[in-house]
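Structure assessment
Each chain, written out:
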Amino acid sequence: MAAYIFRRILLMITLLFMLSVAVFFLFNMLPGDPARLTCGKACTPDLIAANSKRLGYDQPVLVQYQNFVGGIFFGRTFSADSPQPIKCEAPCLGYSFSRHEEVMSLITRAAPVTFWLAVGAFIIWLVVGISLGIFAALKRGRWQDRLTLGVSLVGYSMPSFFIGLILYYFVVIQYRLLPKPEYVSPFDNPFKFLQTMILPWIVLAVLYAAFYMRLTRNQVLEVLNDDYVRTARAKGLPERTVVVKHALRAGLTPIVTSAGLDLAGLLGGAIISENIFNLPGLGSLAVDSITKSDLPIITGLTLLTASLIIVANLVVDLLYAVIDPRVRLT
Amino acid sequence: MRQPDSLRVDQRPEGEPYLSVSNLVVKFPSEDGVVNAVEGVNFSVTRGKTLAIVGESGSGKSVTALAIMGLVNRKSAKVTGEVWLDGEELVEKSDSTIRKLRGNKMAMIFQDPMSSLHPFYRVGAQLAEAARAHRNISKKAARNEAIEMLSRVGIPAPRRRVDDYPHQLSGGMRQRVMIAMALINSPALLIADEPTTALDVTVQAQIIDLIGQLQTEFNTAVVIITHDLGIVADIADEVAVMYAGRVVEHASTERLYASPEMPYTLGLLASIPRMDRETDRLDPIRGNPPSPLRHPDGCVFHPRCKYTDRVPNRACFEVRPELLESERDHLVRCHIPPEERRRIATSVLGAGTGGGAVIATAGVAATGIAGNGPTAPVGGPA
């Protein structure tokens, strides 16, 4: 087990390295001079040249990459020979000159918002999706099943910007059931936090809950026909035990995979919900930096999201070994 | 058998059937029409005796077993008729009443031990769960019973094996675990649905022996469902041959092998490899079983029967035959007159000694999968 985890971590590092190379070179091959973007309308040829030197864009790409990776591990200093050098401590993902801030501190400020958004929605969609899925499977073919399936189809096919805007319009603007969303930390003002988050949670959860409902229903229906469930019935166990202990235990295991990866994906930023509800999370940050072509932020966010997915994969695999005794991690 | 025998109150006096099924009908309504899986089956078993139900895939034998156990989903199937277990009628009973009998008074083992045990739970836990489903005993006591049962079904090092997961056991071992699980509450009826089909030939004999041995020990009534006539010859007291949801012939094992009468039974026996006769090719039954959605008119077997010309007035094609007593305790569902049937049997299976020879060789040819028409030619006399 320990050897397995060690090997997986090595693999993870290799993967991240390759990814950083890909991301870095891909973004550096984009047309246009990144230094041109740092000054906008105020740009003069001299200023561009100066900024290019400050940011290191005048160096060959390989050296730039070296500086970038060096910054992650040891920190780096921008404008080293100017009167006001900018020191970026490790782990330094770069410096955003459109926001005049280190990428790392931008990310650490936005990450909690996205974290609460993703985790809240995750809990809602798991509870709603899985319980509706089980319900529908047990009522297979009856009106309860059809109704649940129908509702999930609607949830599944409505784009989240649509649900989001509709909810925002009716709940916040038309009927003023909730104040205008404005993010506060749950530790500062839990009530206001909930008021702000409830709508984005619902918007995010609807889509996923619909998907998980269908996934769960199919899983449970499949498992209910399995031989070992018949064995459980043949033992004379109460139907409740048969369903919960025997069918669900086996049927819900594959859902762990989807859940882990979906959560990881969301932790990288929920672009639409964050933008509709004015949440300063990673998704908003990403959209903003893309419109401003702020390469350091985009690079940092891409690496972060990729790392989350890779870590989630490892966690899911480890969880699987805990849940299913047949899975051996070697 | 954990409790002393005196504690177990059996309402049936000795010699009375423990299980008796009468006119059992199981229909599954489906989009394509009604699937007539079982159409009026009758039989009974007493404690200590073994009834074999033989037939091709789709003949309704497994559904019959599941219906007895109350494992046919009542929402999707229509079950009528009567199933009497130890003096109680089950078809009319509620699901929860039958549930209390399942695994307690009647138990079942299934065809595929690979998939019949839950992959996520240790075998000991699965055995203990069966015990605790019906008796109010502590986890520790249930675990000890599990270990004891494992050792009774011949699993070596049961104290260690009790904590194994099913995937750590071989197929034969898993079937032993299934048997242990079925017998942990000492049921008086054990239904074994093709218990050896998924196992190696060498293991098959061991499992059959084990069932026989435990049957004697627990005085269990056994219903064994199989398409393997070798097994039948080995352990059954009585045989019911099923075809298209009906019993077409029912007799004692000796009698059935010695003088089969229904052409379908003849076909099954003729397709067993014989060691005592020189044969180039086996003689399979031509054609396929009918679709349960639409059984043929007249005798359900007539499209595959070679002898319909022996019956006047096209009765085979138009009139459903009844299951009638041909001789004492020998029931046959066939229009052909009994004397004619016996003549046909003699000509098919060889003069006089035929039956005895079959019974002797059937035991050897443990893989003689009847009805599926094995095509490999068999060599000369042994």
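Rules of the game
Residues numbered from 1 in each chain as written. Chains lettered and ligands numbered in written order. Predicted model: local features only at pLDDT ≥ 70, side-chain atom pairs only at ≥ 80, totals over all residues. Axes fitted to C-alpha atoms, helices over the stretch in contact; angles between N-to-C directions. Helix = DSSP H or I, 4+ residues; strand = E, 2+ residues; numbered from the N terminus. Parallel < 35°, antiparallel > 145°, perpendicular 65-115°, else oblique. Left-handed = near helix turned anticlockwise from the far one by under 90°. Contact = placed C-beta atoms within 7 Å. Buried ≥ 20, exposed ≤ 12 C-beta atoms within 10 Å, placed from the backbone. Pairing = 2+ DSSP bridges. Domains from an automatic or database assignment. Nonpolar A, V, L, I, M, F, W, Y, C, P; charged D, E, K, R; others polar. Right-handed = clockwise from strand over helix to strand, strands pointing away. pLDDT = per-residue confidence, 0-100. Expected span 1.5 Å × (residues − 1). Arc of directions from axis to C-beta. Core = buried A, V, L, I, M, F, W, Y, C linked by C-beta atoms within 7 Å.

Quick look at the packing of helix 8 (residues 227–234) of chain A against helix 9 (residues 239–251) of chain A now. Residue and element names in this part refer to chain A. Between helix 8 and helix 9, the shortest axis-to-axis distance is 10 Å and the interhelical angle comes to 150 degrees. In this view, helix 8 runs roughly antiparallel relative to helix 9, as classed from their interaxial angle. Along this stretch, helix 8 crosses helix 9, giving a crossing that reads as right-handed. Between helix 8, through Tyr 228, Val 229, Ala 232 and Arg 233, and helix 9, the contact on the second element is made entirely by Val 242, His 246 and Ala 247.

Time to look at the pairing of strand 10 (residues 246–252) of chain B. Residues and elements named next belong to chain B. Most of strand 10 sits inside the fold, with six of its seven residues counted as buried. By the bridge criterion, six bridges tie strand 9 (residues 238–243) to strand 10 in an arrangement that is antiparallel. Note on strand 10: the bridge partner recorded for Ala 240 is His 250. Counting the residues in the hairpin turn of strand 9 and strand 10 gives two residues, including Ala 244, whose phi is positive at 50 degrees. Where strand 10 and strand 12 (residues 330–332) come together, two bridges link them in antiparallel fashion.

With that settled, consider the sheet that holds strand 4 (residues 78–85) of chain B. Residue and element names in this part refer to chain B. Spatial strand order, 2-1-4-5: four strands in an open sheet with antiparallel pairing. Single-partner strands in this sheet number two, and they are strand 2 (33–45) and strand 5 (88–89). Note: strand 1 (residues 19–30) against strand 4, seven bridges, orientation antiparallel. The residue bridging Val 21 from the neighbouring strand is Val 83, located in strand 4.

Residues and elements named next belong to chain A. Each assigned domain of chain A is listed here: domain 1 (2–102) and domain 2 (104–323). Averaged C-alpha coordinates put domain 1 and domain 2 at centres separated by 34 Å. In this complex, domain 1 contributes 21 residues to the contact, which on the side of domain 2 involves 18 residues. Contributing elements (two or more residues each) for the side of domain 1 that touches domain 2: helix 1 (2–28), strand 3 (95–96) and strand 4 (101–102). If you tally residues by element for the side of domain 1 that touches domain 2, the top one is helix 1, at nine residues. In terms of residue class, the side of domain 1 that touches domain 2 is made up of 13 nonpolar, four polar and four charged.

Moving on: the sheet that holds strand 11 (residues 324–327) of chain B. All names here are of chain B. Pairing is mixed across the open sheet formed by eight strands, whose spatial order is 6-7-8-3-9-10-12-11. At either margin of the open sheet sits one strand with a lone partner, and together these are strand 6 (106–109) and strand 11. Across this sheet, the average inter-strand angle for adjacent strands is 25 degrees, counted without regard to direction. The sheet contact formed by strand 7 (residues 189–193) and strand 8 (residues 221–226) spans five bridges and is parallel. Pairing of Ala 192 across the sheet is with Ile 224, part of strand 8.

What follows covers the interface of chain B and chain A. Between chain B and chain A, the contact holds 24 residues from the first and 17 residues from the second. The set of elements that each furnish at least two residues to the side of chain B that touches chain A consists of helix 2 (95–101), strand 6, helix 3 (113–116) and helix 4 (123–134) of chain B. Among the elements that take part in the side of chain B that touches chain A, helix 4 of chain B stands out by supplying four residues, more than any other. Considered class by class, the residues forming the side of chain B that touches chain A number twelve nonpolar, seven polar and five charged.

Turning our eyes to something else, we now look at the domain arrangement of chain B. A common way to state how big an interface is: give the accessible area lost once the parts meet. Residues and elements named next belong to chain B. Looking at chain B, the domain boundaries give domain 1 (5–227) and domain 2 (259–328 + 337–364). On a C-alpha basis, the centres of domain 1 and domain 2 stand 31 Å from each other. Ranked by the residues each element gives to the side of domain 1 that touches domain 2, the list is headed by strand 2, at four residues. Considered class by class, the residues forming the side of domain 1 that touches domain 2 number three nonpolar, four polar and two charged.

Turning to the environment of A:Ser20, a few remarks are in order. Tracing the backbone through its elements, the reader meets A:Ser20 in helix 1. Each C-alpha atom, one on A:Ser20 and one on A:Leu301, is 11 Å from the other, the two residues being 281 residues apart in sequence.

To continue, consider the pairing of strand 7 of chain B. Strand 7 of chain B sits mainly inside the fold: five of its five residues count as buried. The handedness of the strand 7 of chain B to strand 8 of chain B crossover, carried by helix 8 (residues 201–218) of chain B, is right-handed.

A separate point is the confidence of the model for chain B. All names here are of chain B. Per-residue confidence for chain B gives a mean pLDDT of 85; residues scoring 70 or more make up 86%. Ignoring residues within four places in sequence, the model shows residues 1–11, a span with pLDDT below 50, making nine contacts including any to other chains. Taken together, the stretch residues 352–357 has pLDDT below 50 and engages in nine contacts with residues farther than four places along the chain or on a different chain. Overall fold confidence (pTM) sits at 0.81, and the ipTM for the predicted complex is 0.83.

With that settled, the discussion passes to the packing of helix 7 (residues 171–183) of chain B against helix 8 of chain B. All names here are of chain B. At a closest axis distance of 10 Å, the pairing of helix 7 and helix 8 adopts a crossing angle of 15 degrees. The angle between the axes of helix 7 and helix 8 places the two elements in the roughly parallel class. Both helix 7 and helix 8 take part in a crossing whose hand is right-handed. On helix 8, the residues that touch Gly 171, Gly 172, Gln 175, Arg 176, Ile 179 and Leu 183 of helix 7 are Val 203, Gln 206, Ile 207, Leu 210, Ile 211, Leu 214 and Phe 218.

Residue and element names in this part refer to chain A. With respect to the element layout, Ile 255 can be found in helix 10 (residues 253–267). Placed 73 residues apart in sequence, Ile 255 and Arg 328 show a C-alpha to C-alpha distance of 19 Å. Setting aside residues up to four positions removed in sequence, Ile 255 forms contacts with Ile 130, Tyr 212, Leu 215, Thr 216 and Gln 219.

With that settled, the discussion passes to helix 10 of chain A. Since one α-helical turn is 3.6 residues long, residues separated by three or four positions face the same way. Residue and element names in this part refer to chain A. For helix 10, with 15 residues, the first-to-last C-alpha span of 22 Å sits near the 21 Å given by 1.5 Å per residue. Of the positions making up helix 10, those classed as buried are Ala 259, Gly 260, Leu 263, Ala 264, Leu 266 and Leu 267. Projected down its long axis, helix 10 carries its buried residues within an arc of 160 degrees, all on one side. Tucked into the core, helix 10 has its buried residues touching helix 4 (103–138) and helix 13 (295–323). Among the residues trailing helix 10, Gly 269 stands out with phi positive, at a value near 125 degrees.

The omega torsion of the bond from A:Ala90 to A:Pro91 falls at -5 degrees, within 30 degrees of zero and hence cis. Considering the arrangement of structural elements, one finds A:Pro91 in the loop between strand 2 (86–88) and strand 3. Despite not being glycine, A:Ser293 has its phi angle at roughly 50 degrees, a positive value. For A:Ser293, the position within the fold is in the loop between helix 12 (282–291) and helix 13. Even without being a glycine, B:Ala157 presents a positive backbone phi close to 50 degrees. For B:Ala157, the location among the structural elements is in the loop between helix 5 (139–152) and helix 6 (158–161).

The subject of this paragraph is the nonpolar core. Side chains of nonpolar character tend, in soluble globular proteins, to be buried together. By size, the foremost hydrophobic cluster in this structure holds 174 residues, and its most contacted members are B:Leu127, B:Ala180, B:Ile191 and B:Val241. Excluding residues within four positions of it along the chain, B:Ile191 makes contact with B:Ala65, B:Ile68, B:Met69, B:Met106, B:Met108 and B:Val223.

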